[in-house]
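A look at the structure
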Amino acid sequence: MDCYAFILEGDTELEFYRTLLRYLCDKHSVRITKIDDGEFNDDYTYELVSGSRRSILKFKEANSVSNMPKSGDWFYTKCFLRYGSENHWTVFLCYDTDTYNDYISVGYRDDWNDLRESLKKADKVIDLAAKADIEDVLLQDIAGVCNYLNCPIPASLKGSKGKRKMRNLFMQNEKYYHAGERAREMIESLDMGVIMGSGILPLNEMENIVFKNK
């Protein structure tokens, strides 16, 4: 069985990838069911079924990029051992590099190298990393964000990073931007196809891997 583990930098990434997963399941006519796996609240497990094919997909929120290297034990115990060593695992590392050294993306520094070593039981490890905030990713569908805010698309966005741009856009429309779970409604209103087509992250590669035989 093909299985997938997503290790996520934070709670906004969690909301984005959960929304993206539902979008892709609809696109590929895959039935998705959340499994009560007896895990903590930061561990989400889903079963994907298409015809006779079944796969397991798990999300792990690390709460910060600096905590992500600590997720190797989670993969080994809650994924690899929990579902059996005969399964084929692909691990996706979902984070941004906006304030970190570029080497973080290839894992040659400190505990990031240890993380990749701890994931050696996986068949593949793929970085879904961008030199951007997750809000930069969301703003790829600027029309969708503005539709949510019921405002015209601005000529430009104020701020050096995505989160600041998003906050400023909300404030200009007399609203407050809240990351994480409180951003879910806005994220779910966006066009995931537009975001995937932007190329800001290798999301098409992720789609091809997870849904290649579905």
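Turning next to unusual backbone geometry. For residues other than glycine, phi is negative in most cases, and the peptide bonds are mostly trans. The backbone of Ser29 sits at a positive phi, close to 55 degrees, despite the residue not being glycine. Locating Ser29 in the fold gives a position in the loop between helix H1 (11–27) and strand E2 (31–35). For Ser29, a relative accessible area of 62% puts it in the exposed group. You will see that Glu174, though not glycine, has its phi angle at about 60 degrees, which is positive. Here Glu174 lies in the loop between helix H6 (162–172) and helix H7 (184–188).

In this section: the confidence of the model for the chain. Taken over all residues, the pLDDT of the chain has a mean of 87, while the share at 70 or more is 90%. Mean pLDDT across the elements of the chain ranges from a minimum in helix H3 (residues 110–118), with 78, to a maximum in helix H5 (residues 142–149), with 97.

Right, let's talk about the packing of H1 against helix H9 (residues 203–210) for a bit. If you want to describe how two helices pack, look at the angle between their axes and the distance between the axes. Running from amino to carboxyl end, H1 crosses H9 at an angle of 55 degrees, the nearest separation of the two axes being 12 Å. For the element pair H1 / H9, the angle class is oblique. Both H1 and H9 take part in a crossing whose hand is right-handed. Of H9, the residues touching H1 (which contributes Phe16, Tyr17, Leu20, Leu24 and Lys27) are Leu203, Met206 and Glu207. Here the residues of the contact of H1 with H9 are counted per class, giving six nonpolar, no polar and two charged.

Inspection of the secondary structure puts Lys163 in helix H6. The spacing of Lys163 and Ala132 is 31 residues in sequence and 9.3 Å in space, taken between C-alpha atoms.

For any pair of aromatic rings, the description rests on two quantities: the centre-to-centre distance and the angle between the ring planes. Going through the model one piece at a time under the given rule, you end up with 10 aromatic pairs. Centre to centre, the rings of Phe6 and Tyr17 are 5.9 Å apart; their planes meet at 45 degrees, and the pair counts as tilted. On the criterion of sequence distance, the pair formed by Phe6 in strand E1 (residues 2–8) and Tyr17 in helix H1 is long-range, its members being 11 residues apart. Overall, Tyr17 belongs to the buried group, its relative accessible area being 2%. By the ring-pair criterion, three or more aromatic residues cluster together here, those being Phe6, Phe16, Tyr17, Tyr46, Phe59 and Phe92. In this arrangement the basic side chain of Arg18 is found over the ring face of Tyr44, its NZ or CZ atom lying 4.7 Å from the centre.

Here is what the cut-offs are and how they apply
- Residues numbered from 1 in each chain as written.
- Predicted model: local features only at pLDDT ≥ 70, side-chain atom pairs only at ≥ 80, totals over all residues.
- Heavy atoms only, no water.
- Helix = DSSP H or I, 4+ residues; strand = E, 2+ residues; numbered from the N terminus.
- Buried < 20%, exposed > 50% of the residue type's maximum accessible area, 1.4 Å probe, protein only.
- pLDDT = per-residue confidence, 0-100.
- Axes fitted to C-alpha atoms, helices over the stretch in contact; angles between N-to-C directions.
- Parallel < 35°, antiparallel > 145°, perpendicular 65-115°, else oblique.
- Left-handed = near helix turned anticlockwise from the far one by under 90°.
- Contact = heavy atoms within 4.5 Å.
- Nonpolar A, V, L, I, M, F, W, Y, C, P; charged D, E, K, R; others polar.
- Phe/Tyr/Trp six-rings, centres within 6.5 Å; stacked < 30°, edge-to-face > 60°.
- Lys NZ or Arg CZ within 6 Å of the ring centre and 35° of its normal.

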